[in-house]
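# Architecture and fold: a report
The residues making up each chain are set out below.
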Amino acid sequence: MERTLVLCKPDAVQRGLVGQILTRFEQKGLKLVGMKLRQFPKELLEQHYSDHKERPFFPSLVGFMGSGPVVAMALEGIDAIAVVRGLMGKTNAREAAPGTIRGDLGMSFSNNLVHGSDSAESAAKELALFFPGADELVDWTPC
Ligand code: CMP
């Protein structure tokens, strides 16, 4: 069983797509174990995207992610990291396959609606960053 971080980026929140995006993950069978809406501080976003800090798009990426509220979710399931990335589609939404979140709902490379952790190591780091409290992720089983 794995847990992964998903961010619904400011474009998804502003376009009213959070419900649709969450529904896709839930319908697939992933379990929601944490969720919050916040306008996250620049320092946290810089840390989150620290692997990209030398890339030319880093300042605009951090600026965009801090420009409005983001919905952070923790999702759980077998192979959750790969399953989420499959559902999201390619980073460049114009190239993402139909049927994926980005492929169906987006046209942008940078404002691409969602982020999902890309490895077990990233998931652990990102979940700790966005859900630092001991009680923020909920272990639950169906009644
Ligand atoms: P995400 O999955 O959040 O991970 C890093 C983000 O950087 C990516 O989605 C895009 O939003 C952004 N990104 C990656 N490559 C580029 C690029 N070449 N130009 C602009 N933004 C990019």
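Refer to the structure presented above.
Rules of the game
Residues numbered from 1 in each chain as written. Predicted model: local features only at pLDDT ≥ 70, side-chain atom pairs only at ≥ 80, totals over all residues. Heavy atoms only, no water. Near = heavy atom within 4 Å. Polar contact = N/O pair within 3.5 Å; in protein donor to acceptor, adjacent residues only side chain to side chain. Areas by Shrake-Rupley, 256 points an atom, 1.4 Å probe, with all protein chains shown as cover. Nonpolar A, V, L, I, M, F, W, Y, C, P; charged D, E, K, R; others polar. Helix = DSSP H or I, 4+ residues; strand = E, 2+ residues; numbered from the N terminus. Salt bridge = Lys/Arg side-chain N within 4 Å of Asp/Glu carboxyl O. Buried < 20%, exposed > 50% of the residue type's maximum accessible area, 1.4 Å probe, protein only. Pairing = 2+ DSSP bridges.

## Quick word on the site of the ligand
Around the ligand, the neighbouring residues are Lys9, Tyr49, His52, Phe57, Leu61, Thr91, Arg102, Phe109, Ser110, Asn112 and His115. One nitrogen or oxygen atom from the main chain of Ser110 is found 2.8 Å from an oxygen atom belonging to the ligand. His115 has a polar side-chain atom sitting 3.0 Å from an oxygen atom of the ligand. Here the ligand, which alone exposes 450 Å², has 80% of that area covered by the protein. Along the lines of polarity and charge, the residues of the shell around the ligand split into four nonpolar, five polar and two charged.

## Considerations on the environment of Gly29
Structurally, Gly29 is set in the loop between α2 (18–28) and β2 (31–38). The sequence separation of Gly29 and Leu113 amounts to 84 residues, and the corresponding C-alpha distance is 21 Å.

## Quick look at the pattern of salt bridges
If you walk through the whole model with that rule in mind, you get seven salt bridges. Here Lys90 and Glu95 are joined by a salt bridge, their closest N and O atoms 3.2 Å apart. A relative accessible area of 49% places Lys90 in the partly exposed class. Take Glu95: its relative accessible area is 48%, and that puts it in the partly exposed class. Shared partners join several salt bridges into a network, and the residues in it are Arg3, Lys31, Glu76 and Asp139.

## Some thoughts on the pairing of strand β1 (residues 2–8)
A large share of β1 lies buried, amounting to five of its seven residues. In the sheet, β1 pairs with strand β3 (residues 70–77) via seven bridges, with the strands oriented antiparallel. Bridge pairing in β3 places Cys8 opposite Val71. Relative to strand β4 (residues 114–116), β1 is paired through three bridges, and the arrangement is antiparallel.

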